[in-house]
Amino acid sequence: DATSAGMKLCRLALECAPVGQGVVLWALQVVKGPEFVSSASYPTLTPSILSLVRILSKKHAFTRPDATQVALVFLGHSNPGELSSQKMRSLKEQALRLLMHLMVAGEVALVLRHVERLVVKKALDSSLVRYFLESMLNIFQPPYSTTLTRTFGSLLLVGPCVEAIRSKFFGDVNKARLKSLVRALPAQDGKEKKMVASLIATYGR
């Protein structure tokens, strides 16, 4: 209903930057609440919150750090037990897609640093790591930047990430695409050159 209070608020959030910021902050507080994951509305409200945050972050650039936090909180949620593993995976994939949207919008370094922390803590299972990495291969296009070398390269060298990529489930086509990408990453200083050499030794031969 276009005349409902919710729709009016959404329109106002898109048109007015402070309201948009407020809505994203509200979403962050809701999803961080310990009672949210166990609520009956979790599986139905989650897609709506993620979609709303994605739309607002596209419109208002300064909401993107908080939008990133919304996605990260969802990725840290444990299955309350009432949801099927397939449904929980679907919700986490949507949270990853929000992060991908934010990267396309320019938040590559921010997102990749946070994702690396999740992978290190093993907060993402191997299937979600592969889902994220395959999506990255679809997003990143040459010419690549040294920022990508440092951030994506650092993620690719994390142990759980290496294991996920070497798995047969990542597929030969994706492995070949990744090999081409790491061999094309630029390096200017000694640290970057060392990282690229490590990446080629791990994936590019």
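Small disclaimer: the values here were computed from a predicted structure and weren't measured.

### A short note on the overall build of the protein chain
Counting its secondary structure elements, the protein chain contains 12 helices and zero strands. In terms of overall dimensions, the protein chain is globule-like: its C-alpha atoms have a radius of gyration of 18 Å, near the 17 Å expected for 205 residues. Taking the principal axes of the C-alpha coordinates as reference, the protein chain spans close to 60 × 40 × 25 Å. Contacts in the protein chain between residues at least 24 apart in sequence constitute 70% of all its contacts with a sequence separation of at least 6.

### What to know about the packing of aromatic side chains
The tally for this structure, following the rule as stated, stands at four aromatic pairs. Relative to tyrosine 42, the ring of phenylalanine 36 has its centre 5.1 Å away and its plane inclined at 70°; by these criteria the two rings are edge-to-face. The class of phenylalanine 36 is buried, set by a relative accessible area of 5%. Residues phenylalanine 36 and phenylalanine 74 carry aromatic rings whose centres are separated by 6.2 Å and whose planes lie at 70° to one another, so their mutual orientation is edge-to-face. Note that phenylalanine 36 is positioned in helix α3 (residues 34-37) and phenylalanine 74 in helix α5 (residues 64-75), a separation of 38 residues in sequence.

### Some remarks on the nonpolar core
In this structure, Phe132, Leu133, Phe152 and Leu156 are the most contacted members of the largest nonpolar core, which totals 59 residues. For this core, the element with the most residues is helix α6 (residues 85-104), which contributes nine residues. Each residue touching leucine 133, except ones within four places of it in the same chain, is listed here: Phe152, Leu155, Leu156, Cys161, Ile165 and Phe170.

### Things to note about the confidence of the model for the protein chain
Per-residue confidence for the protein chain gives a mean pLDDT of 92, with 98% of residues at or over 70. Of all the helices and strands in the protein chain, helix α1 (residues 5-15) carries the lowest mean pLDDT, 84, while α5 carries the highest, 96.

### Let's talk about the state of the cysteines
Counted under the stated rule, the structure contains zero disulfides. A disulfide-free cysteine, cysteine 10 has its sulfur positioned 14 Å from the sulfur of cysteine 16, the nearest such atom.

### Side note on the side chain of histidine 77
Topologically, histidine 77 is positioned in the loop between α5 and α6. When sequence neighbours within four positions are dropped, the list of residues in contact with histidine 77 reads Val31, Phe36, Val37, Tyr42, Met88 and Lys92.

About the criteria used
- Counting starts from 1 at the beginning of each chain's written sequence and moves along it residue by residue.
- Owing to the predicted nature of the model, reporting of local features is limited to residues with pLDDT of at least 70; listing and counting of side-chain atom pairs is limited to 80 or more, with chain, interface and lining totals taken over all residues.
- Note that water and hydrogens are dropped before the side-chain values are worked out from all heavy atoms of the structure.
- Secondary structure follows DSSP: runs of H or I at least 4 residues long count as helices, runs of E at least 2 residues long count as strands, and numbering of each begins at the N terminus.
- The globule rule used for comparison is 2.2 Å times the number of residues to the exponent 0.38, while the radius of gyration itself is calculated over C-alpha atoms.
- Contacts are residue-level and defined by heavy atoms, with any inter-residue pair within 4.5 Å sufficient.
- When the centres of two rings from Phe, Tyr and Trp lie within 6.5 Å, Trp using its six-membered ring, the rings pair. Their planes under 30 degrees apart give stacked, over 60 give edge-to-face, and anything left gives tilted.
- Note on classification: 1.4 Å probe, protein chains only; a residue is buried when its accessible area is under 20% of the maximum for its type, exposed when over 50%, partly exposed between these limits.
- To form a nonpolar core, buried Ala, Val, Leu, Ile, Met, Phe, Trp, Tyr and Cys residues must be joined to one another through side-chain atoms within 4.5 Å.
- Predictor confidence is given residue by residue as pLDDT, running from a minimum of 0 to a maximum of 100.
- Disulfide assignment relies on a single distance test, namely cysteine sulfur atoms paired within 2.5 Å.

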